[in-house]
Amino acid sequence: VLYLSLLMLHKYSVEKNKFYHINFSSITDSSIFIFFEQDEPVDVPNVGKVYMGLAISNGEIRNSEFKAELRYRIENPQNNVSISAIFNNPIFSIRHNMNVQTIDMQLEKLFSLEEFESNMMSFVEKLNTSEDLSEDSMYYLISDLLEKIGECSDISKKTKDEFKKIEVEKMIQGTFTLISFFGKLNMISTDVDEKIFIERIYHKVISDLLIKRNS
């Protein structure tokens with residue numbers, strides 16, 4: 001998985017003249033996670049610095065597929081707080097029982113990454129991370145987040161309990177932007193295996209909020 005990921009992303013980088021580095025990685029006897037990130041961010045007005053990347057995962061216990069998913073990170077350069085989230089629609093997904101020809105076909109899908117990135121950038125541009133969230137938006141955001149965290153069987157009870165400790169009333173009455181809200185969540189300690197599931201939920205929650213705003 002490590003070799004194939006590096007090989008395919010290298011081929012893509014050479015063809016598209018885009019460069020990536022490893023932002024985070026973890027390899028154990030039963031799983032592998034690698035987060036690649038573009039070297040150069042895109043400055044988006046009223047949003048911040050946007051880093052596009054890839055989340056590569058493979059596991060023998062919780063996740064039986066070798067996946068590549070689009071990951072993005074929005075950073076506020078003023079206070080160094082950021083949101084990291086994963087779009088849970090794999091660019092490619094390889095099951096362990098696939099034959100070599102099918103695996104090759106799946107890996108070739110990585111060359112559609114530019115289209116995924118373009119669509120995601122359109123989504124990000126609709127966010128306004130510089131404005132304060134309203135009390136209604138904060139309540140909706142927290143409720144949606146806790147509901148999705150609670151429903152995820154891949155997140156431990158210990159981590160779910162940590163999210164439940166969010167001081168709802170205090171946060172609703174306070175002043176938060178989208179980035180500062182998720183920056184507070186970054187203080188919650190989770191294990192490496194849960195990180196990818198939580199970041200998938202973050203994207204869904206942000207997407208739900210955007211839909212609610214525009215409805």
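What comes next concerns the included structure.

Calculation criteria
Residues numbered from 1 in each chain as written. Predicted model: local features only at pLDDT ≥ 70, side-chain atom pairs only at ≥ 80, totals over all residues. Heavy atoms only, no water. Helix = DSSP H or I, 4+ residues; strand = E, 2+ residues; numbered from the N terminus. Buried < 20%, exposed > 50% of the residue type's maximum accessible area, 1.4 Å probe, protein only. Areas by Shrake-Rupley, 256 points an atom, 1.4 Å probe, with all protein chains shown as cover. Lys, Arg positive; Asp, Glu negative; His and termini not counted. Charge placed at Lys NZ, Arg CZ, Asp CG, Glu CD. Core = buried A, V, L, I, M, F, W, Y, C linked by side-chain atoms within 4.5 Å. Pairing = 2+ DSSP bridges. 1 Å grid on protein atoms, 1.4 Å probe; cavity = no way out; pocket = protein on both sides within 12 Å on 5 of 7 lines; lining within 4 Å. Points joined across faces, edges and corners; volume = space filled by probe spheres on them. Nonpolar A, V, L, I, M, F, W, Y, C, P; charged D, E, K, R; others polar. Arc of directions from axis to C-beta. Contact = heavy atoms within 4.5 Å.

Here we take up the overall build of the protein chain. Helix and strand content of the protein chain: eight helices and six strands. Ordering the α and β elements of the protein chain from the N terminus gives α-β-β-β-β-β-β-α-α-α-α-α-α-α. In terms of its C-alpha atoms, the protein chain occupies a principal-axis envelope of roughly 55 × 40 × 30 Å. Residue burial in the protein chain is summarised as follows: out of 215 residues, 48% are buried. In the structure as shown, the protein chain presents an accessible area of about 11,200 Å², 49% of it carried by carbon and sulfur atoms. Each charge sign in the protein chain was given a centre, from 24 positive and 33 negative side chains, and these centres are 3 Å apart.

Now for the nonpolar core. Counting residues in each nonpolar core, the largest one holds 65 residues, and the members touching the most others are Leu54, Tyr72, Leu145, Phe163, Leu178, Phe181 and Leu185. Top element by residues in this core is helix 8 (residues 192–214). It accounts for nine residues.

This next bit is on the pairing of strand 4 (residues 48–59). For strand 4, the tally of buried residues reaches eleven of twelve residues, placing the bulk of the element in the interior. Count of turn residues in the strand 3 (residues 42–44)/strand 4 antiparallel hairpin: three residues, of which Asn46 carries a positive phi of about 65°. Relative to strand 5 (residues 65–76), strand 4 runs antiparallel, the two sharing nine bridges. Paired with Gly53 across the bridge in strand 5 is Arg71.

Put simply, the largest pocket is a space of about 290 Å³. Taken together, 18 residues make up the lining of the largest pocket; nearest its centre are Asn186, Thr190, Lys195, Glu199 and Tyr202. Counting only elements with at least two residues in the lining of the largest pocket, the list comes to strand 1 (20–27), strand 5, strand 6 (81–95) and helix 8. Class assignment of the residues belonging to the lining of the largest pocket gives a composition of eight nonpolar, five polar and five charged.

This brings us to empty space enclosed by the protein. Evaluated as defined, the whole model comprises one cavity of 30 Å³ or more. What the largest cavity holds in volume is close to 40 Å³. Lining of the largest cavity is provided by Leu4, Ser5, Met8, Leu9, Phe36, Leu54, Ile56, Phe92, Leu107 and Leu110. At the level of secondary structure, the elements contributing two or more residues to the lining of the largest cavity comprise helix 1 (2–16) and strand 4. It is helix 1 that contributes the most residues to the lining of the largest cavity, four residues altogether.

For the rest of this paragraph, the subject is helix 5 (residues 157–164). Every buried residue belonging to helix 5 is among Thr159, Lys160 and Phe163, and all of these are buried. In a view along the axis of helix 5, the buried residues occupy a sector of 100°, so they form one face of it. Turned more than 90 degrees away from the buried face of helix 5, the exposed residues are Lys157, Lys158 and Lys164. Of the surrounding secondary structure, the elements contacted by the buried residues of helix 5 are helix 4 (135–151), helix 7 (178–185) and helix 8.

A few words on the pairing of strand 1. In the sheet, strand 1 pairs with strand 2 (residues 31–38) via seven bridges, with the strands oriented antiparallel. Within strand 2, the position partnered with Phe24 by the bridge is Phe35. Taking the residues that link successive antiparallel strands as the turn, the strand 1-strand 2 hairpin has three residues.

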